[in-house]
Amino acid sequence: MATSVLVVEDDVAIRDMLSFTLKQAGFGCDSVGDGETGLDFLKKQQPDMILLDWMLPGIDGIEFIRRLRANEFLANIPVIMLTAKGESEDMVKGLAVGADDYVNKPFSPPELMARIRAVLRRCQSDSSEEGQQLQSGNLVLDTKSHRVTVDDTRIELGPTEFRLLHFFMKNPERAYNRSQLLDYVWGDTVYIEERTVDVHIRRLRKALESSGHDHLIQTVRGVGYRFSVD
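What counts, and where the lines are drawn
- Residues numbered from 1 in each chain as written.
- Predicted model: local features only at pLDDT ≥ 70, side-chain atom pairs only at ≥ 80, totals over all residues.
- Heavy atoms only, no water.
- Salt bridge = Lys/Arg side-chain N within 4 Å of Asp/Glu carboxyl O.
- Helix = DSSP H or I, 4+ residues; strand = E, 2+ residues; numbered from the N terminus.
- Buried < 20%, exposed > 50% of the residue type's maximum accessible area, 1.4 Å probe, protein only.
- Domains from an automatic or database assignment.
- Contact = heavy atoms within 4.5 Å.
- Nonpolar A, V, L, I, M, F, W, Y, C, P; charged D, E, K, R; others polar.
- Pairing = 2+ DSSP bridges.
- Axes fitted to C-alpha atoms, helices over the stretch in contact; angles between N-to-C directions.
- Right-handed = clockwise from strand over helix to strand, strands pointing away.

### Observations regarding the pattern of salt bridges
Two side chains that carry opposite charge are able to pair once their charged atoms sit near each other. Applying the stated criterion to the full structure yields 11 salt bridges. A salt bridge links Asp 40 to Lys 43, with the shortest nitrogen-to-oxygen separation between them at 3.5 Å. Separated by 3 residues within a single helix, Asp 40 and Lys 43 lie in helix H2 (residues 35-44), roughly one turn from each other. Its relative accessible area of 69% is what places Lys 43 among the exposed residues. Glu 161 serves as the salt-bridge partner of Arg 203, at 3.3 Å between the closest nitrogen and oxygen. Pair noted here: Arg 203 is in helix H8 (residues 195-209) and Glu 161 is in helix H6 (residues 159-170), with a separation of 42 residues, a long-range link. For Glu 161, a relative accessible area of 2% puts it in the buried group.

Right under this line is the structure:
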């Protein structure tokens, strides 16, 4: 069965180009022109990935992702944001709300296909791993249910933050620089910048803050980050 992609893009020419390119590459593709219609589509069918325009009428891309990540049944769908906003703070904002990658318009179809495949490889690698639990005190990460809990209370994490925590908990007490984290957590894509790591570290700490576990993610000056229970 072909990998399915939902395109949420209000520009008809770009939407048609994306649909054509995806189908030519062997993907299944559905497309809608606004965020509200996209959310309605997800109530009936869940794609393997979403290509999401930032500047949508009504519900914009940022709000779309917020609603997606807040829904237990949709939260793990990977999202690549497509946008003409090229400033670094815009990229950070897109990643901070839970986008898995960020592509500036105009973009080349081969580059976009490479990014799609890279994100899908990361997600498929996560789902193919045998179910197991990792535990640090009362913090529990379950790879089978893809949930993180503290004393049976669920901690909401985006897909990237989940992978990041998973890696840290599997490799405690070791310091990793940003380049290493990109290799181990993001995989072999060459498009992700090192500052992306800092964005997701902040998101992970914020998610763990309410349970008092944010201190486990430590900054190692001059190196990068480590997970430590000490």
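### A closer look at the domain arrangement of the protein
Under the domain assignment, the protein is made up of domain 1 (4-126) and domain 2 (133-227). One C-alpha centre belongs to domain 1, the other to domain 2; they are set 23 Å apart. Contacts between domain 1 and domain 2 engage 22 residues on the former and 19 residues on the latter. Between the two partners, domain 1 and domain 2, sit 0 salt bridges. Where the side of domain 1 that touches domain 2 is concerned, the elements lending two or more residues are helix H4 (88-96) and helix H5 (109-128). For the side of domain 1 that touches domain 2, the element with the most residues is H5, which contributes 8 residues. Considering only residue class, the side of domain 1 that touches domain 2 consists of 10 nonpolar, 3 polar and 9 charged.

### What to know about the sheet that holds strand E5 (residues 101-104)
Taking strand neighbours across the sheet as the criterion, the 5 strands line up as E2-E1-E3-E4-E5 in an open arrangement whose pairing is parallel. Among the strands making up the open sheet, the edge pair consists of strand E2 (28-32) and E5. Recorded for the sheet is a direction-independent mean angle of 20° between the axes of neighbouring strands. Inspection of the sheet shows strand E4 (residues 79-83) paired to E5 by 4 bridges, in the parallel sense. Counterpart to Met 81 in the pairing with E5 is Tyr 102. Running at roughly 155° to strand E1 (residues 4-8), H2 makes contact with E1, E2 and strand E3 (49-53) of the sheet.

### Quick word on the sheet that holds strand E12 (residues 224-227)
With antiparallel pairing, 3 strands are arranged side by side in an open sheet as E10-E12-E11. Both edges of this open sheet fall to strand E10 (176-177) and strand E11 (217-220), since each of them pairs with a single strand only. Here E10 pairs with E12 via 2 bridges, running antiparallel. Pairing of Tyr 176 across the sheet is with Tyr 225, part of E12. Strands E11 and E12 of the sheet are contacted by H8, whose axis makes an angle of about 140° with E11.

### Notes on the pairing of E2
Taken together, the 5 bridges between E1 and E2 define a ladder with parallel strand orientation. Paired with Ser 4 across the two strands is Gly 28, which belongs to E2. One crossover worth recording links E1 to the parallel E2 by way of helix H1 (residues 12-24), and it is right-handed.

### What to know about unusual backbone geometry
Each neighbour pair has its own omega, and for Lys 105 with Pro 106 the value is -5°, a cis peptide bond. Looking at the secondary structure, you find Pro 106 in the loop between E5 and H5. The phi dihedral of Asp 152 falls on the positive side, at around 70°, and the residue is not glycine. Its place among the elements puts Asp 152 in the loop between strand E8 (147-150) and strand E9 (153-155). Note on Asp 152: relative accessible area 76%, which makes it exposed.

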